[in-house]
Structure formats: C-alpha cells, structure tokens
Amino acid sequence: MHQFQVLRHCILFILLAALSLGYVGDNANISSAGATNSAFAQSPASAPGKLRKAISNHQTTQQTAPLLLTDSTPLIHAWSAITFLPDASGKLSLNDAIALSNQFTIPLTATDTLGLRKDVVWLRLPLTVAANGDGLWALDIDYPVLNKIDVYLMQGQDMVQHRLLGNMQPYSQRPITSRSHASGLRLKPGLDYVMFMRVETIGPMILPITLSKPSTFHARAMDEQMLQGILTGIALCLLLYSVAQWFSLREYLFIKYALLISGSLLFSLLQFGVGAQYVWTDNVWMELHAGGLSALIAACGSFLFIEQALQSKDRYRHFGFLMKTGACLTVFFAVLYTFDLINIYTVTAIISTLGLAPAVLGIPGAITRARRGDKVGMYFLSGWAVYFITTAILIGVIQGQIPANFWTMHSFQFGATFDMLIFMRVLGLRTKAIHMEAQNVSKERDTMHSLAHTDPLTGLPNRRGLNTSLGNLLPQASAEKILAVYMLDLDGFKQVNDQYGHDIGDELLIAVAKRLQANLRTSDLVSRLGGDEFVVMSSGLNNVQQANDLGLKLLDAFDSPFVLSEQTCSVGLTIGYALAPQDGHDPISLLKRADAAMYAGKQGGKHCVRRGEASEGLN
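Being a predicted model, the structure only gives us computed values, none of them experimental. (Residues numbered from 1 in each chain as written. Predicted model: local features only at pLDDT ≥ 70, side-chain atom pairs only at ≥ 80, totals over all residues. Heavy atoms only, no water.)

Participant: How would you explain the packing of helix α9 (residues 319-338) against helix α10 (residues 344-354) if you had to name every residue and give the values?
Facilitator: One can describe the packing of α9 onto α10 by two numbers: an axis separation of 11 Å at closest approach and a directional angle of 170°. The angle between the axes of α9 and α10 places the two elements in the roughly antiparallel class. Counted together, G326, L329, T330, F333 and Y337 of α9 and I344, V347, I350 and L354 of α10 form the full contact between these two elements. The residue makeup of the contact of α9 with α10, split by class, is seven nonpolar, two polar and no charged. (Axes fitted to C-alpha atoms, helices over the stretch in contact; angles between N-to-C directions. Helix = DSSP H or I, 4+ residues; strand = E, 2+ residues; numbered from the N terminus. Parallel < 35°, antiparallel > 145°, perpendicular 65-115°, else oblique. Contact = heavy atoms within 4.5 Å. Nonpolar A, V, L, I, M, F, W, Y, C, P; charged D, E, K, R; others polar.)

Structure (structure tokens):
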C-alpha cells in the first residue's frame, strides 16, 4: 500500500527526470548557464563519421506512405507517416538528414511518443496536398515542454519554409502565439512535400503531431484552453481559499495545503504551456527551473501537510521532527537551485530520495487511521490510489510504452485535481474538528460557569449568579424604572422537612421555585440563596405601589398547598424587599435592607410583606 504515496511523490521526480535526462555532451546541455537562444538558431554542422556510428545500431530502412492532406479531413494525426533518425552527436545538418533519408525508420514505441532519449532526433514526414484544397494548414506539436524544434518544409530540392519552435523560443517570437508549438503552413494544392523536424530536448520526446485546418486548430486550441482554465481555476480557488482560511483561523494545516498544491499547480502550468503563455511569458529561466522548483515545493508541502494531518498520540515521537527536517531540506535545496548553485541533475537525485520520505513515514499512519474507521486515513489512501493509477499511465507515456493521447497526457493533471479535492476534504474535516473543539471548550466553559452560578437542586441562580445579575441591572434603575429586590423565607418548611424527610423537602423546594417563576414575568429573576431562602428581582417597575403589589401577589400564590409525588404540603411566605434607587444603589445594601425587612416580618408574625426603607438604616 505504501506504493500509493511513493508514486505520488515519484510523479514529480519521474517527470522531472524526463525533463532533465536528455542527451549529455559538451555542446548539448541546453539547461546549463551558458545555453542561449542564439545557440538554437544555428544549424549544426555535418559529422559523417559520428553519424555512421549513430545509425549503425538501428534497423534497416522503412518507408511510410505520404500523409494525404485533404480539406474533407480537417484534423490529421501525423504519427502513422512519421519516420525518425537518431542523431547521437547532435551535429547533423538539414542536408545531412536529407542525404540520409533512406536511413529513417518507423518508431517502435507507442503512438506519439519516442520515450526517454538522450540524443537529438530527426523526424521525416512526407506530405501530399490534395488538388482540390486551399493548401492552408496548421502544424501543431502539443507538448509544450519540448525545448527546441527546427521545422523544415521541403518541396523537391527546395526548402520553402523554416520555423523555429520550442519553449526556449521567446513566446512573443513564436509563429503562432499558442500554449503548444504550432506554425501555419501555406502549401500548394496537388504538390508533394517532405517535412523534416529536428527535435532537441532534455525531457521525454512526447510528440503529439497533428496537421489541421486553421478553423479546426483554433477550435481544438480553444477547447484545451477551456479545460486548462477550469482545472487551473479549481486549483487557484482551492489555493486562495486555503490561504484565506489560514488568515481567518490561523490553522497552519491550510497554509501547508496551499504549499502542497502550489507545487502541483506550478508543474501543470509548465507541462501544458499555460505558464509560458500567461504567467512567465518570455522568461526562459522559469522554463528551465519551473520543473525542479515545482517538485521541491510539492515535496516540502507533502512533508508538512502529511505530518500535521496524520499526527496523533500513537505516532512515534520522532515523526514530527523527521517530517519537519525533510521540509527544511527541500527549502534549502530550492534556494540553492534558484541561484543555480546546484543543477537539474542534482535536484533530480534529491527528489528521487528525499521525495520518498513523506510516503515512508506517512503511509503507516494513514493505514492505522483507516483501520480505525477514521475518514482522514481513508481519504489519504483513496487519493494516493488515484495517483497510483494516473501516475502509472503518464510514466508509460514518458517511457514510450503507452500512446500519448488526450486522456493519457492529462492523467497527471486529473489525478492532481482529484488529489487536491480529496485533501481539501481532509481540511474540511480538520476545520470541523476545530469547530467542534471550540464548541466543546465553550460548552465546558459554560458548564463550569453554570455550576458556579447555579443552584444544583432547583436550577435557579445561586448567590453568585444573583450578584452578577443584580450588578448588571442596578445601573439601569431609576425613579421611573424601579428595581425591586425581594427576600423570601418559607414559613413552615422546617416542619415539613422534619416530618417527611429531606427527599420531600427537596421536592418541595423545587415546587416552590416553579411556583415563584409561574407568578413572575419572564424578565424577572428568581434565585435560591440556600436552605429555604429565595430572592426575587424585578426590574422596570413604574412606582413603589407596583412593587408592593408584586410582593402581595407572591404571598397569595402560597395560599394553595403543594401537591407532591407522595405528600401534599402547605407552606407560607414572609417577604422583605428593598427598592433601587430609593433604598440603595449597590447590591449589598439592597440585600441587607430586604433581609432586615424579612426578618422583621418573621418577628412580627410571618406571612407578610415588608419594605426595608433607607430611612430605617442598617445595623
């Protein structure tokens, strides 16, 4: 199972290797610091001796029928008519290639790909133009990372057209400013032509060559632009969303995800020519460095994202340290590569080893989580499974074993997009976990607050809760909006408790709390101080008489007995109250006056309502 993640990282390494493992020679390394566009503009001199050595290991001559260009078939795939000639020295000229036409052979690789090659290759494509056509065609080689393509169109012994294509050619100087390598052809109806193409690249020789009518070429180009717009748009939206979420939540997993998909996005921009077309137009440095940097960026993001997404208490203690160390190393090598202190071959070696570490370290954790039913582990494994399939397809194309067509050429990009969405789901689960954790913390805090401010028996606010509410309402009290604080003590509760037991006593206290609440407004507050003492707080009263009337109402409410589960009990009330602002301006003085008035009522015969006025003073 660990192959899933291994291949996930290997895709960038293999493609990077394909881009970097071209022919190696003193004059052939176009990725070196001394390579310039002017070097590509020169046609290499003939080298017959080396040529004979180069072709001695290839099969005998094979000819193909000319490709018939007829307007009734607006799109023609050229591979069936292609023959090729290896040029190990890289010094064959056009005249040499023409002279050696009988040495060109039919490719033995899959359609539209010659696989990984270190040598320069000449292609020969015979053409016949239908007599009833207009002769206007477009040549398109839809693999944007090819470095240099010299296209020579011969009619008989005459060269009628020469075009220089490839990603080393400044974008603004391309014959057709498209993301692929394309050129217009003006052919004469009824004539035969031979097209020679000299292909020089440090990557795989994937050659999806088509000839199409201009309208068909533009329609296909528009379809591909739309597809790239959608896939790139998805990646950009996910990137911007993850960065925004990081700013909002300060959850570092989002920025690590952004780093991870940035590597895949950068590689896709390079691979499909969108980068050269819109992002780094005419920047040869980016064309040479984007592949290596994208691999290092993706590896760094993988280290960090997998480390945090799969972290758990049961992971071995060095897991996080090793993953972070790997990420730091990728950053270090990326800086060196940016300043050309290491070359593409060194980067390839680094990615081939360091890029495997997140897989080796992360897969066991994903499997463990999946076995526990954790969706994060299952999402990781499913994402890696898709990457395994799409990577295997693209590797087959790079090696020349699988034909290069729409589906195989886009397999990596489709797999990367699926992976981005799968990992975004992992982020969604992480966000949900963050919210749940915050809710649990808030709930726990509220519970602790409630326990500290609530009477456990009746559920009413206790003394602390009363003081908090009283402190909040006192500043709002005025002569027009009077705040009344009532101190209530039950008459006869001790006898009930002694006669029937504490369980009945507790049930009676709960019933008392409910009856008090039933006779008050929803804005009024009932609290229990302990034992059989209750406090009622009523705000917004219009006058003193209204406060007294409310006390009498509560007194009358206790005329009816309490029907409990096993007994029917009767208790009365003695009420003392004080008013704000008339009798005091702070909680302590109000409660003391109300308590003094209630105590006086007890002494005076109980079952009465008394006010503790300010004029009476406090002992």
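So that's the structure; there's more coming.
Participant: Pulling in residues and values, what's your account of the pairing of strand β5 (residues 136-141)?
Facilitator: In terms of burial, β5 is largely enclosed, as five of its six residues are buried. Strand direction decides the pairing type here: β5 and strand β8 (residues 181-186), joined by six bridges, are antiparallel. The residue of β8 that forms the bridge with D140 is A182. The sheet contact formed by β5 and strand β10 (residues 209-212) spans four bridges and is antiparallel. Of the residues in β10, the one forming a bridge with A138 is S212. (Buried < 20%, exposed > 50% of the residue type's maximum accessible area, 1.4 Å probe, protein only. Pairing = 2+ DSSP bridges.)

Participant: Residue-level account of the packing of aromatic side chains, with values.
Facilitator: With the rule as written, the count across this model stands at 16 aromatic pairs. Taking the centre distance of 5.0 Å and the plane angle of 50° together, the rings of F380 and F423 count as tilted. Pair noted here: F380 is in helix α12 (residues 375-398) and F423 is in helix α14 (residues 411-453), with a separation of 43 residues, a long-range link. You can call F380 buried: its relative accessible area is 0%. Judged by centre distance (5.3 Å) and plane angle (35°), the ring pair of Y486 and Y577 falls under tilted. With a gap of 91 residues between them, Y486 in strand β11 (residues 482-491) and Y577 in strand β16 (residues 572-580) connect regions that are remote in the sequence. On the basis of relative accessibility, which here comes to 0%, the residue Y486 falls in the buried class. An aromatic cluster of three or more residues is present, and its members are Y257, F305, F380, W384 and F423. (Phe/Tyr/Trp six-rings, centres within 6.5 Å; stacked < 30°, edge-to-face > 60°.)

Participant: Which residues make up unusual backbone geometry, and what are the values?
Facilitator: The peptide bond linking A580 to P581 adopts the cis configuration, its omega dihedral lying at 15°. Looking at where P581 falls in the secondary structure, it is placed in the loop between β16 and α19 (587-603). In the Ramachandran plot, D282 falls in the positive-phi region, its phi being about 65° despite a non-glycine side chain. Mapping D282 onto the fold places it in the loop between α7 (274-279) and α8 (284-309).

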